[in-house]
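Listed here are the chains, written in short residue letters.
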Amino acid sequence: NNNNNNNNNTEKELIRQSESSTNALLDPPRPIKDVYGWMRDESRTDQAVLDHLHAENAYTQQITHHLMSLREQLNTEMVSSLQETDYTTPAPRDGKYYYYTRTNKGQSYKIYCRAPIDTTNSNGANDAVDV
């Protein structure tokens, strides 16, 4: 029995879940059921999932309705410090195109753009074609 303890001490100890965890990883690994796995729908067309999400959103709106004016105030404050319509300076990356990003007022995400480099310019300068 004492011999078994010595063998266990020489085996590599399994890593922990986190620095503060006292629980070792499962050995051997065992599957753990994903209780939200039924919601996985890459096509975003499963009516049961859509109904569930609509119900969750309605519930959230109901219990946070009293925060609406605060939410609007915070949004206005954040947007006021941004330049909503903007673009970066086009930069040639591969010798064929200029690459840049744009943002448009009212849109949440950057637009990634590229424009062909015009090599036929008579003065020898490379200009981007309007896109």
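Residues numbered from 1 in each chain as written. Predicted model: local features only at pLDDT ≥ 70, side-chain atom pairs only at ≥ 80, totals over all residues. Heavy atoms only, no water.

## What to know about the side chain of D41
Item 1. Along the chain, D41 turns up in the loop between helix 1 (2-10) and helix 2 (47-63).
Item 2. Buried within the structure, D41 lacks any salt-bridge partner; R44 is the closest side chain of opposite charge, at an N-O distance of 6.4 Å.
Item 3. Within the local environment of D41, its side chain forms a polar contact with the backbone nitrogen of D46, the two atoms lying 2.6 Å apart. (Helix = DSSP H or I, 4+ residues; strand = E, 2+ residues; numbered from the N terminus. Buried < 20%, exposed > 50% of the residue type's maximum accessible area, 1.4 Å probe, protein only. Lys, Arg positive; Asp, Glu negative; His and termini not counted. Salt bridge = Lys/Arg side-chain N within 4 Å of Asp/Glu carboxyl O. Polar contact = N/O pair within 3.5 Å; in protein donor to acceptor, adjacent residues only side chain to side chain.)

## Quick word on unusual backbone geometry
Item 1. Positioned with a positive phi, R44 is a non-glycine residue whose angle comes to about 55 degrees.
Item 2. Checked against the element boundaries, R44 lands in the loop between helix 1 and helix 2.
Item 3. Classification of R44 as exposed rests on a relative accessible area of 57%.

## Description of the environment of N104
Item 1. If you trace the backbone, N104 turns up in the loop between strand 3 (97-103) and strand 4 (111-118).
Item 2. If near-sequence neighbours (up to four positions away) are discounted, N104 is found in contact with E84, T85 and I111. (Contact = heavy atoms within 4.5 Å.)

## So, helix 2
Item 1. Compared with the 24 Å implied by 1.5 Å per residue over 17 residues, the 24 Å span of helix 2 between its first and last C-alpha is a close match.
Item 2. N-capping of helix 2 is provided by D46, with a side-chain oxygen placed 3.0 Å from the backbone N of A48. (Expected span 1.5 Å × (residues − 1).)

## With respect to the packing of aromatic side chains
Item 1. Following the criterion strictly, the structure yields one aromatic pair and no others.
Item 2. Measuring from ring centre to ring centre gives 6.4 Å for Y97 and Y99, while their planes differ by 65 degrees; the resulting arrangement is edge-to-face.
Item 3. In this structure, R93 is placed above the aromatic ring of Y99, and the distance from its NZ or CZ to the ring centre is 4.3 Å.
Item 4. Between R114 and the ring centre of Y97, over which it is positioned, the NZ or CZ distance is 3.8 Å. (Phe/Tyr/Trp six-rings, centres within 6.5 Å; stacked < 30°, edge-to-face > 60°. Lys NZ or Arg CZ within 6 Å of the ring centre and 35° of its normal.)

## Quick notes on the pairing of strand 3
Item 1. Examined bridge by bridge, strand 1 (residues 86-87) and strand 3 share two bridges and lie antiparallel to one another. Counterpart to D86 in the pairing with strand 3 is T103.
Item 2. Two strands pair when backbone bridges link them, and strand 2 (residues 91-92) and strand 3 are joined in this way by two bridges, in the antiparallel orientation. Each bridged residue has a counterpart across the sheet, and for P92 the counterpart in strand 3 is Y98.
Item 3. The turn linking strand 2 back onto strand 3 is made up of four residues, and G95 within it adopts a positive phi angle of 85 degrees. (Pairing = 2+ DSSP bridges.)

These results come straight from atomic positions and should not be treated as a statement about function.
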